[in-house]
Amino acid sequence: MKWLLLGVNGQVGHELQRYLSSMGKCLAPTRQQLDLSNSAAVTHYLAEHQPEMVVNAAAYTAVDKAEEDVALATALNADLPALLADYCAQQSVLLVHYSSDYVYPGNGDHAWQEEDPTGPLSVYGQSKLAGDAAIQASGCDYLIFRTSWVYSARGHNFMKTMLRLGKDKQQLTIVGDQIGAPTPARLIAEVTAQAIRRYQQNPAIKGLYHLAPRGQTSWHGFACEIFDQASLLGVELSIARDRVTAIPTSEYPTPATRPLNSRLDLSRLEQALGIQLPDWRSQLSLTLSEHLG
Ligand SMILES: NC(=O)C1=CN([C@@H]2O[C@H](COP(=O)(O)OP(=O)(O)OC[C@H]3O[C@@H](n4cnc5c(N)ncnc54)[C@H](O)[C@@H]3O)[C@@H](O)[C@H]2O)C=CC1
């Protein structure tokens, strides 16, 4: 099978290339080779290469910048998925796509289910939701995975920022009232590979799923766990655990509003694949070990 991977140099795209390598010939144009905000160029690429599956890990992910950069965020997160979905519907091929906890309004303290009403609080969330809706309306076969708090051994992310700050700073204040599950890009790729294989045996599993590890924490809890695990792995930190203070979101204003409740109910995915997703702490341990070599 000849398949197309978009966003190969991102956190998730990089892992997907590793985990899906056995699926056949992978076309993975870089940003320099194909500007995904240029719909004419994307249409031309699809017509020329005729991929038999499309995996879209590309996105506009700068959540705060998106508040100003609405046109580009919309082009990448809404218009591109719509265009890919039209191609996949016409060619009867599978579209795999990633979405976000930021499509939900973030109120309450229950875990969101896939059919819950959405209500994005930011331009980024609105643009991701528009992408999901376009795919769902297109009639193509799709697997959409809504995930949260993505990090990885490579790329820019919270884990790597904390490791850097933990070596430089004597004290830190971290938001403690946004609750969710940190998700390694590697887990996303691993589960995506399982889901595609399952789809190939049984296309009825197509649909929208939440994908994250089990358990929940705050950004403050995540930071503390990073410091605890890094210390155990021999990383020398300047920060002492009791100098890492939790603050409310209201004391850390950002251009984009973030949901306080990003808990995702995972049962639909666990049932579809017959798996139990691992706990977020064990996933951090794997990713830290990979990062520290
Ligand atoms: N990073 C996070 O915390 C979260 C991410 N997600 C979703 O997961 C998916 C993967 O995210 P990450 O791997 O973290 O993103 P990333 O920011 O690491 O990678 C995005 C990729 O898109 C590519 N890209 C962006 N604009 C482009 C353009 N104009 N032309 C060509 N390529 C372009 C970048 O080069 C990069 O390879 C996305 O759909 C994102 O919305 C969902 C929840 C949280």
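Read on for a plain summary of the structure. Note that the coordinates shown come from a computational prediction; the quantities given were computed from them, not determined experimentally.

1. Topic: the overall build of the chain
Along the backbone of the chain there are nine helices and 12 strands. Radius of gyration (C-alpha) of the chain: 19 Å, near the 19 Å computed for a compact globule of 293 residues. The principal-axis extent of the C-alpha atoms belonging to the chain is close to 55 × 40 × 35 Å. Of all 293 residues assigned to the chain, the portion counted as buried reaches 43%. Of the contacts formed within the chain by residues at least 6 apart in sequence, a portion of 80% connects residues at least 24 apart.

2. Quick look at the pairing of strand E4 (residues 94–100)
Across the seven residues of E4, seven count as buried, placing the element largely inside the fold. Neither face of E4 is left uncovered, since the one carrying Leu94, Val96, Tyr98 and Ser100 and the one carrying Leu95, His97 and Ser99 both have all their residues buried. Here strand E3 (residues 53–56) pairs with E4 via four bridges, running parallel. What sits directly across from Val54, in E4, is Leu95. Read from E3 through helix H3 (residues 70–91) to E4, the crossover connection turns out right-handed. As paired elements, E4 and strand E5 (residues 142–147) share six bridges and run parallel to each other. Counterpart to Val96 in the pairing with E5 is Leu143.

3. Some remarks on the site of the ligand
Taken together, 25 residues lie near the ligand, and Gly7, Gly10, Gln11, Ala59 and Val150 sit nearest. Among the secondary structure elements, those contributing two or more residues to the shell around the ligand are helix H1 (11–19) and E4. The dominant element in the shell around the ligand, judged by the number of residues it contributes, is H1, at three residues. Tallied by class, residues from the shell around the ligand come to 11 nonpolar, 11 polar and three charged.

4. Examining helix H7 (residues 219–232)
Compared with an ideal rise of 1.5 Å per residue, which puts 14 residues at 20 Å, H7 spans 20 Å between its outermost C-alpha atoms and is within 8% of the ideal. Those residues of H7 that sit buried are Trp219, Phe222, Ala223, Ile226, Phe227 and Ala230. The arc enclosing the buried residues of H7, seen along the axis, measures out at 135°, which places them on a common side. Those residues of H7 that are buried lie in contact with helix H5 (158–168), strand E7 (172–175), strand E11 (217–218), strand E12 (244–247) and helix H9 (280–292). Where H7 ends, the next residue or the one after it, Gly234, has phi of about 95°, a positive value.

5. Brief notes about the nonpolar core
Counting 74 residues, the largest nonpolar core has Val55 and Leu95 as the members making the most contacts within it. Here Val55 is in contact with Trp3, Leu4, Leu5, Leu16, Leu20 and Val96, once residues within four sequence places are set aside.

6. Looking at the sheet that holds strand E1 (residues 2–6)
Spatially, E2-E1-E3-E4-E5-E10 is the arrangement adopted by the six strands of the open sheet, whose pairing is parallel. Whereas interior strands pair on both sides, the edge strands pair on one side only; in this sheet they are strand E2 (25–27) and strand E10 (207–210). Here the average twist between neighbouring strands, direction ignored, is 20°. With four bridges joining them, E1 and E3 adopt parallel strand pairing. Residue Leu5 lies in a different strand from E3, and its bridge partner there is Val55. Packing against the sheet, helix H6 (residues 185–201) makes contact with E4 and E5, and its axis sits at approximately 155° to E5.

7. Some thoughts on the packing of H1 against H6
At a minimum axis separation of 8 Å, H1 and H6 run at an interaxial angle of 45°. Classed by the angle they form, the pair H1 and H6 counts as oblique. In the packing of H1 onto H6, the handedness of the crossing is right-handed. Residue-level inspection shows Gln11, Val12, His14, Glu15, Leu16, Arg18 and Tyr19 of H1 in contact with H6, the latter providing Ala185, Arg186, Ile188, Ala189, Glu190, Thr192 and Ala193. Of the residues contributing to the contact of H1 with H6, the split by class is seven nonpolar, three polar and four charged.

8. Some words on the environment of Asp242
The residue Asp242 is located in the loop between H7 and E12 in this model. Separated by 71 residues in sequence, Asp242 and Gln171 have C-alpha atoms that sit 8.6 Å apart.

Conventions we followed
Residues numbered from 1 in each chain as written. Predicted model: local features only at pLDDT ≥ 70, side-chain atom pairs only at ≥ 80, totals over all residues. Helix = DSSP H or I, 4+ residues; strand = E, 2+ residues; numbered from the N terminus. Rg over C-alpha atoms; globule rule 2.2 N^0.38 Å. Buried ≥ 20, exposed ≤ 12 C-beta atoms within 10 Å, placed from the backbone. Contact = placed C-beta atoms within 7 Å. Pairing = 2+ DSSP bridges. Right-handed = clockwise from strand over helix to strand, strands pointing away. Near = placed C-beta within 6 Å. Nonpolar A, V, L, I, M, F, W, Y, C, P; charged D, E, K, R; others polar. Expected span 1.5 Å × (residues − 1). Arc of directions from axis to C-beta. Core = buried A, V, L, I, M, F, W, Y, C linked by C-beta atoms within 7 Å. Axes fitted to C-alpha atoms, helices over the stretch in contact; angles between N-to-C directions. Parallel < 35°, antiparallel > 145°, perpendicular 65-115°, else oblique. Left-handed = near helix turned anticlockwise from the far one by under 90°.

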